[in-house]
Amino acid sequence: MAKLAELIETLERAYPPRLAESWDSVGLVCGDPGEDVRRVLFAVDVTEAVVEEAVSWGAQALVAHHPLLLRGVDSVAADRPKGALIHRLVRAGCALFTAHTNADSADPGVSDALAAVLGLTVTGPIEPKPVPAVDKWSIQVPVDHAESVLAALFAVGAGGSGDYREAAWRTTGTGQFRPLNGANPAVGTVGELTRVSEDRIEVVAAPRDRATILAALRAAHPYEEPAYHVTERAQLSGNLGLGRVATLPEPLTLREFTARAAAALPETAWGVRCAGDPDRVLRRVAVCGGAGDSLLDAVTRLGVDAYLTADLRHHPADEHLRRSGPALIDAAHWATEFPWCAQAAEVVQTGLPEVETRVSGVRTDPWTVGSAG
Ligand SMILES: [Zn+2]
């Protein structure tokens, strides 16, 4: 049987909290990490109906995409709507955990799940988060001192890369120098050209550790003037970030792709609508689960044929189309994020096979009636 702490660890490995936007609130809302978890329910929103489903199914945890408590909260009294839900969950022994913008930017994340149900092949984020810069240190050291210098560098954090430690590359060559008057060489004699068998050690390190690494290098290196240089690797864009750019398996018109989205996404009163020439042929599209109008400029720069997201407002959409940007496809916010629930459930099934998972069947889209007449 799994503990709630293990569920949290599993989810945070897939959706690291550090990826959340600064204004967001993610993680454990209520629940005791030391308690057992046998059943976990997944939903986009924490509504009364979803909480009832969690409690009546006997779930020990509810995992939701949207935070229940986002802005400053000074009371969870049971006579307030959100406080009542917290009370209901706590009394039933059901924890609440949310993964919001961290799930949006993760790889795979919310927009990957959306792209997958639409039958798209993802090529990368709309707005990639830059991969942090990395220093590469190249150090020449006499062969018999290579191990001790390497150990000193590792001790201050150099040589770490992702899930790896003590990573380095070494090659042996010949170094040369002629010490001048005033020098106090560890090897060789003043005035004479000296050749030494040296190892070149290459390690990566965080730029913030430069001073510490240089101090450790000077302390461990036998030379009066250690031979080294540092280069900074350019910031590259990674696979993390908001939205996804994707390709269609075969070209479709905007009208056809809109119909495909309506068929693939769960039904809502809002439906799926598009803006732009219905006969425009789409090959490359961008998608963003949830409210995506902040990415309108980014998708225009990417030159995609269409952009599918939710909560597009009149003026931004109108202005965007006047600038001949990609065609727009607007779906219900809940519908674009719902596919994530199955993705998150799979994360838990894979990481904690003893836990039973279920995606809530409750449609939490706030709009209940659509009328085109
Ligand atoms: Zn959302």
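Because the structure is a prediction, the values reported are computed rather than measured.

Draft legend 1. The arrangement of the packing of aromatic side chains in detail. Scanning the entire structure with this criterion turns up four aromatic pairs. A centroid spacing of 5.1 Å and a plane angle of 45° characterise the contact between W334 and F338, whose relative ring orientation is tilted. With W334 and F338 both in helix 11 (residues 333-351), this residue pair falls four residues apart, about one helical turn.

Draft legend 2. Fine view of the sheet that holds strand 5 (residues 61-64). Read from one edge to the other, the open sheet built from five strands follows the order 2-6-5-4-17, with strand pairing classed as mixed. Each of the sheet's edge strands pairs with one partner strand only, and the pair in question is strand 2 (27-30) and strand 17 (356-359). For this sheet the average axis-to-axis angle between neighbouring strands, irrespective of direction, equals 25°. Pairing geometry for strand 2 and strand 6 (residues 95-98), over three bridges, is antiparallel. The partner of L28 across the bridge, within strand 6, is F97. Of the strands in this sheet, strand 4 (39-43), strand 5 and strand 17 are in contact with helix 2 (residues 48-57), which crosses strand 4 at around 165°.

Draft legend 3. Quick look at the nonpolar core. Grouped together as the largest cluster of nonpolar side chains are 48 residues, with contacts concentrated most on L7, L118, L120, F257 and W340. Top element by residues in this core is helix 11. It accounts for seven residues. Here this core spans two domains, since at least three of its residues come from each of domain 1 (2-102) and domain 2 (110-129 + 240-336). Counting residues in hydrophobic clusters, the runner-up holds 18 residues, among them C30, V55, L68 and L85.

Conventions we followed
Residues numbered from 1 in each chain as written. Predicted model: local features only at pLDDT ≥ 70, side-chain atom pairs only at ≥ 80, totals over all residues. Heavy atoms only, no water. Phe/Tyr/Trp six-rings, centres within 6.5 Å; stacked < 30°, edge-to-face > 60°. Helix = DSSP H or I, 4+ residues; strand = E, 2+ residues; numbered from the N terminus. Pairing = 2+ DSSP bridges. Axes fitted to C-alpha atoms, helices over the stretch in contact; angles between N-to-C directions. Contact = heavy atoms within 4.5 Å. Core = buried A, V, L, I, M, F, W, Y, C linked by side-chain atoms within 4.5 Å. Buried < 20%, exposed > 50% of the residue type's maximum accessible area, 1.4 Å probe, protein only. Domains from an automatic or database assignment.

Function-wise, these values are silent; they only describe arrangement.
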